[in-house]
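# Report on the structure
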Amino acid sequence: MVINFATGKIIANQHELVVRIDGEARVTMQAQVDEVTLIGRGANVVTATGSGIQWSVRLDDENQLQALADAIGIAVKNT
């Protein structure tokens, strides 16, 4: 699944997640789904922590976050 957001795109499947940020730097971040947390309640943030990685990215809206949650099979945390 591919989700486009204001500053790039997320490519996701049930095993891994790749975030590509647009711009001259062409930043790419990757994480296993087990290392990903989805934070809702208006924050709409995807975080990855573990095995020497730590990053986060904010999506445009809750619909994108929910679509990502459905694609990778993990729940959005609303706390």
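In the block above lies the structure referred to throughout.
Scope of this entry: the structure provided in the associated data block.

Calculation rules
Residues numbered from 1 in each chain as written. Predicted model: local features only at pLDDT ≥ 70, side-chain atom pairs only at ≥ 80, totals over all residues. Heavy atoms only, no water. Pairing = 2+ DSSP bridges. Helix = DSSP H or I, 4+ residues; strand = E, 2+ residues; numbered from the N terminus. Contact = heavy atoms within 4.5 Å. Axes fitted to C-alpha atoms, helices over the stretch in contact; angles between N-to-C directions.

## Remarks on the sheet that holds strand E6 (residues 45–50)
- The four strands are arranged E7-E6-E5-E8 in an open sheet whose pairing can be described as mixed. At either end of the open sheet lies a strand with only one pairing partner, and these are strand E7 (53–58) and strand E8 (76–77).
- Its contacts with the sheet place helix H1 (residues 62–72) against strand E5 (36–39), E6 and E8, and it is angled at close to 145 degrees to E5.

## Notes on the sheet that holds strand E2 (residues 8–12)
- Pairing in this open sheet of four strands is antiparallel, and the strands run E1-E2-E3-E4 from one edge to the other. Bordering the open sheet on either side are strand E1 (2–5) and strand E4 (28–32), each of which pairs with just one other strand. The sheet shows a mean angle of 15 degrees between the axes of neighbouring strands, direction not considered.
- Direction of pairing for E2 relative to strand E3 (residues 16–21): antiparallel, over a ladder of five bridges. Along E3, the bridge assignment pairs Gly-8 with Ile-21.

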